[in-house]
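# Architecture and fold: a report
Below, each chain spelled out in residue letters.
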Amino acid sequence: YFYDIYNRMYAIDLKNGKVLWVSLIKNEISGKPLIYENFIIISTLDGGIYVLIRSDGHLLYSYENEDEINAGLNIYENLLIVPYKSGKVVAYDMVSRKQVWVFSAGGIISVSPVLRDDNLYFGAWDGTFYSLDIKTGKSIWISYVGNNITRDFLVFDNVIVLFFSKGEVVCLHRENGSIKWIKYFSTVDFNYNYFSGEKALYVFLPDFIAIDPISGGMLFDYRERAFNLYK
């Protein structure tokens, strides 16, 4: 399932490349399409949410909102979690199609929230990072980190690692949101040059380095490997 720049949604048979169906969405599609049981869920920049039938691409129903959406959606059991640009996060019941809970952050949300276990993690342009109970929408903890959350963050078993401009990396405890460690990398701007493994955090500086997410310590620094990967 994918869409093109003309906001046409496609279903393709992977075995033979045959187009199964094409569905035109009236507004600009944003983010990654989600699969929920027999449905495909699509969001648009103007705040619309469209639920299509997987078998034929027909529109089943939609939510129309005035709030913009510029971050990805999440599915938890039967809950559709929608982060709006205004800072509002809403959970909709996919069965009853009703709103279950609403949480309002203090700033713009531009980075997709991460769902881990029964918690939803996200940051906003109020210099704050949030942890919510996914079932109720109630705050578990709120951590002021002093910078707007404008880059993807990484969630590990026990910690969350945030990336900021000017090479700053901040690690939070998952349990309570307190700051565990902070590191600075001079002349580095983080933008799609970091990713997570099972027990390590990897960054191109352009040296290829591995960091222990628990301690913040360096696991290795591999210049030759970085050169070959870039090549």
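Each remark here, short or long, concerns the structure printed above.
Residues numbered from 1 in each chain as written. Predicted model: local features only at pLDDT ≥ 70, side-chain atom pairs only at ≥ 80, totals over all residues. Heavy atoms only, no water.

## A word on the sheet that holds strand β11 (residues 99-104)
Strand order across the open sheet formed by 4 strands is β8-β9-β10-β11, with antiparallel pairing between neighbours. Only two strands of the sheet have a single partner each, and these edge strands are β8 (74-76) and β11. Direction aside, neighbouring strands of the sheet carry axes that sit 20° apart on average. Both β8 and strand β9 (residues 79-83) contribute to a ladder of 3 bridges, which runs antiparallel. Looking at β9, one finds that N74 is bridged to I81. (Pairing = 2+ DSSP bridges. Helix = DSSP H or I, 4+ residues; strand = E, 2+ residues; numbered from the N terminus. Axes fitted to C-alpha atoms, helices over the stretch in contact; angles between N-to-C directions.)

## Considerations on unusual backbone geometry
We note that N7 has phi near 65°; this positive angle belongs to a residue other than glycine. Considering the arrangement of structural elements, one finds N7 in the loop between β1 (2-3) and β2 (8-12).

## Comments concerning the packing of aromatic side chains
Under the definition given, this model contains 21 aromatic pairs. Ring centres 4.3 Å apart and planes at 25° place the aromatic pair Y63 and Y92 in the stacked group. A residue pair is termed long-range when its members are at least 10 positions apart, and Y63 in strand β7 (residues 59-63) and Y92 in strand β10 (residues 88-93) qualify at 29 residues. With respect to class, Y63 is no different from Y92; both count as buried. For the ring pair F103 and F122, a centre distance of 6.2 Å and an interplane angle of 80° mean the geometry is edge-to-face. On the criterion of sequence distance, the pair formed by F103 in strand β11 and F122 in strand β13 (residues 119-123) is long-range, its members being 19 residues apart. Cluster of aromatic residues (ring-pair linked, three or more members): F195, Y202, F204, F208 and F220. (Phe/Tyr/Trp six-rings, centres within 6.5 Å; stacked < 30°, edge-to-face > 60°. Buried < 20%, exposed > 50% of the residue type's maximum accessible area, 1.4 Å probe, protein only.)

Purely geometric numbers; function is a separate question.
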